[in-house]
Amino acid sequence: MSSDDIYILGIHMTKFGKHPDSDVVDLGAEAAMAALADAGVTMADMGILAAGNLMNASAGFGQQLQKQIGQTGIPVFNVANACATGATALRTAIMAIKAGECDMGLAVGVEKLAGAGLLGGGGGGGKSDEHKWEPSGRFGAVAGVDGRIGTAAMPGTFAQVGMEYLHENDYSGEAFELFARISVKNHKHSTLNPLAAYTKEMSLEQVMGDVMIAYPNTRPMCSANCDGGAAAVVVSGAKLKTLSKEQQRRAVKVSASVLTSDPWQEACQVLPDVNTLTRMAAEQAYEQAGVSPEDLDLVELHDCFATAELVHYDNLMLCEPGGAVDLFESGATWRDGSTPVNVSGGLESKGHPISATGIANIWEVCHHLRGEAGDRQIEGAKVGLAHVIGLGSACGVHILESSAA
Amino acid sequence: MATKTQIPIVDYLVLGDDPHLEATECTSCGARYFDRRNACASCFGTDFTTVDVPTEGTLRSFTIVTFAAPGVPVPFVAGIVDAGGTSVRTNIINVEPDDEHVKLGMPVRLATYSLGTDDDGVEAIGFGYEPC
């Protein structure tokens, strides 16, 4: 191992689902303490804490967490980056180590979302029930624009992202059924993941016959709002060399850690462009890691909606440009395929406690690279990629490699 | 009795005999926007001009929203229209909200409708694109 490399030393995700008796600090503490135990270290070893809890982004979640698990005076970075908050926390801890400010750090992401409804949309402009039309906001809107001038809510936004891809690539098949079959895959995968919020297999008829939210996304094709936490301990290669053989064996190398935002593109302020920044992040990550898409043994990507999974096959270069449908139809992204995608069940069934997601997907990949994934183990997995998108947008891509050698 | 006045739902909708949308265009790079600008996100320029957006275009993407925030009537068709190279966020109106009637790539044109009248007698006018 190289002294300049960064490793995941310990990592944990809580059960995703409903945790009515735990608050966000409880879930964060559970994840953080388990990650520290997994790493074989304590808070005394941490040189930085990066923490995210998007729904209470101004609450100082990191310090609240410290007060429960260990106050040592280290710098705390409370981060908020939409659905990429967890990946941003991890990236922050990694940057601190790369900068030489410390040799070990803790990243934590937690959310309580069970029972939360539709996210995004509903805002903008004046109120529709006012009796006087008065322009307000950056569009000079006299009434709420959501529902009158398109949609800003997440299901419809990502529905359009998927439909736009089909239009650009002259797809002539049944759009609804295509996207529903992606959801069938992820729900099938979830049956092997005891930490997933939902672990039920769903037939194509069940997925298509469920409540329509925003065509072509029915309810099981949308990410599941739920509670959950995840945490990771990162360490420098130099420090890892001083730790035990067992710690070194289980450490997972972070071969690439990338965070991007939207470069300006025509239309990116009209319909969010989740493609360009993902492709940028992927290109940078493959170059950093010296890895190509064909080398990946598994991918956890941000299937916040079934329509999103399809476009990210292309954005992450798992297929030729324009070839996402063909890739899916080939069966390659099923767990027994050549590039298994979302063997955890993905956000559609594992769940999407926003700030936890960007660390939980790293946990999933690490679990396989360590050979500890039990029934859902991808045999012999050596290299994996984890991707998240926070709308607005932020994209995190991490490439991980087992260090067993 | 005073003439009834009208107000557009957003300030980039121009009313009158020939209703159309207008965009704020960066004079140095040509990037177009619909909101109030501080600077150009593409080239950082601060000099803008106003340009008319074509009223006809094609439907580049859509969704049929059947579940929305409280107070937003459903179902409605939301879409992105390519109006001569300028992308527009809009509802697709005057069409049955199902995938038999709304098709990717179909030609559409701008249409306006009334949002109702306020206490001062001012009528708000909304816009959408309809099949053509």
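Look up: the structure comes first, before these words.
Computed from a predicted model, the values in this text were never measured in an experiment.

## A word on the sheet that holds strand β9 (residues 298-300) of chain A
Residue and element names in this part refer to chain A.
- Reading across from one edge, β3-β2-β4-β7-β1-β8-β11-β10-β9 is the order of the 9 strands in this open sheet, with mixed pairing throughout. Looking along the sheet, the strands with just one partner apiece sit at the ends: β3 (76-78) and β9. Within this sheet the neighbouring strands show an average axis-to-axis angle of 25°, counted without direction.
- Relative to strand β11 (residues 394-402), strand β10 (residues 383-390) runs antiparallel, the two sharing 8 bridges. Note that in β11 the partner of L385 across the bridge is I399.
- Lying on the sheet, helix α1 (residues 24-39) is in contact with β1 (6-13), β4 (104-111) and β7 (228-236); it crosses β1 at an angle near 130°.

## Focus on the nonpolar core
- Core analysis: the biggest nonpolar cluster contains 91 residues, and L310, Y313 and L318 of chain A together with L21, F127 and Y129 of chain B have the highest contact counts within it.
- With 7 residues, the single largest contributor to this core is helix α5 (residues 175-190) of chain A.
- Discounting residues that sit within four places of it in the chain, Y313 of chain A has contacts with I182, K185, L301, L318, C319, A324, L327, F328, T333 and V341 of chain A.
- Counting residues in each nonpolar core, the second largest holds 36 residues, with A50, V79, A96 and A360 of chain A among its members.

## A look at the environment of R138 of chain A
- Among the structural elements, R138 of chain A can be located in the loop between β4 and α4 (154-168).
- R138 of chain A sits 246 residues away from G384 of chain A along the chain, and the two C-alpha atoms are 42 Å apart.
- Setting aside chain neighbours within four positions, we find R138 of chain A in contact with D35, R36, R37 and N38 of chain B.
- A polar contact is formed between the side chain of R138 of chain A and the backbone oxygen of R36 of chain B, at a distance of 2.6 Å.
- In terms of polar contacts, R138 of chain A uses its side chain to reach the side chain of N38 of chain B, at 2.8 Å.

## Looking at the pattern of salt bridges
- Throughout the structure, instances matching the rule amount to 19 salt bridges over all chains.
- In this structure, D5 of chain A and K253 of chain A form a salt bridge, with 3.8 Å as the shortest nitrogen-oxygen distance. Within this pair, whereas D5 of chain A is found in the segment before β1, its partner K253 of chain A is found in strand β8 (residues 252-261), the two being separated by 248 residues in sequence.
- Judged by relative accessible area, K253 of chain A falls into the partly exposed class, the value being 26%.
- Here D35 of chain B ties to R37 of chain B by a salt bridge, and the two come within 3.0 Å at their closest N and O atoms.
- Take D35 of chain B: its relative accessible area is 15%, and that puts it in the buried class.
- A cluster of three or more residues bridged by salt bridges with shared partners is formed by D38, R250, R370 and E372 of chain A.

## Notes on the side chain of E309 of chain A
Residue and element names in this part refer to chain A.
- You can see E309 is positioned in helix α10 (residues 306-315).
- By relative accessible area, E309 is classed as buried at 0%.
- Setting aside residues up to four positions removed in sequence, E309 forms contacts with I182, K185, N186, L301, D303, V341, N342 and E348.

Cut-off values and rules
- Residues numbered from 1 in each chain as written.
- Chains lettered and ligands numbered in written order.
- Predicted model: local features only at pLDDT ≥ 70, side-chain atom pairs only at ≥ 80, totals over all residues.
- Heavy atoms only, no water.
- Pairing = 2+ DSSP bridges.
- Helix = DSSP H or I, 4+ residues; strand = E, 2+ residues; numbered from the N terminus.
- Axes fitted to C-alpha atoms, helices over the stretch in contact; angles between N-to-C directions.
- Contact = heavy atoms within 4.5 Å.
- Core = buried A, V, L, I, M, F, W, Y, C linked by side-chain atoms within 4.5 Å.
- Buried < 20%, exposed > 50% of the residue type's maximum accessible area, 1.4 Å probe, protein only.
- Polar contact = N/O pair within 3.5 Å; in protein donor to acceptor, adjacent residues only side chain to side chain.
- Salt bridge = Lys/Arg side-chain N within 4 Å of Asp/Glu carboxyl O.

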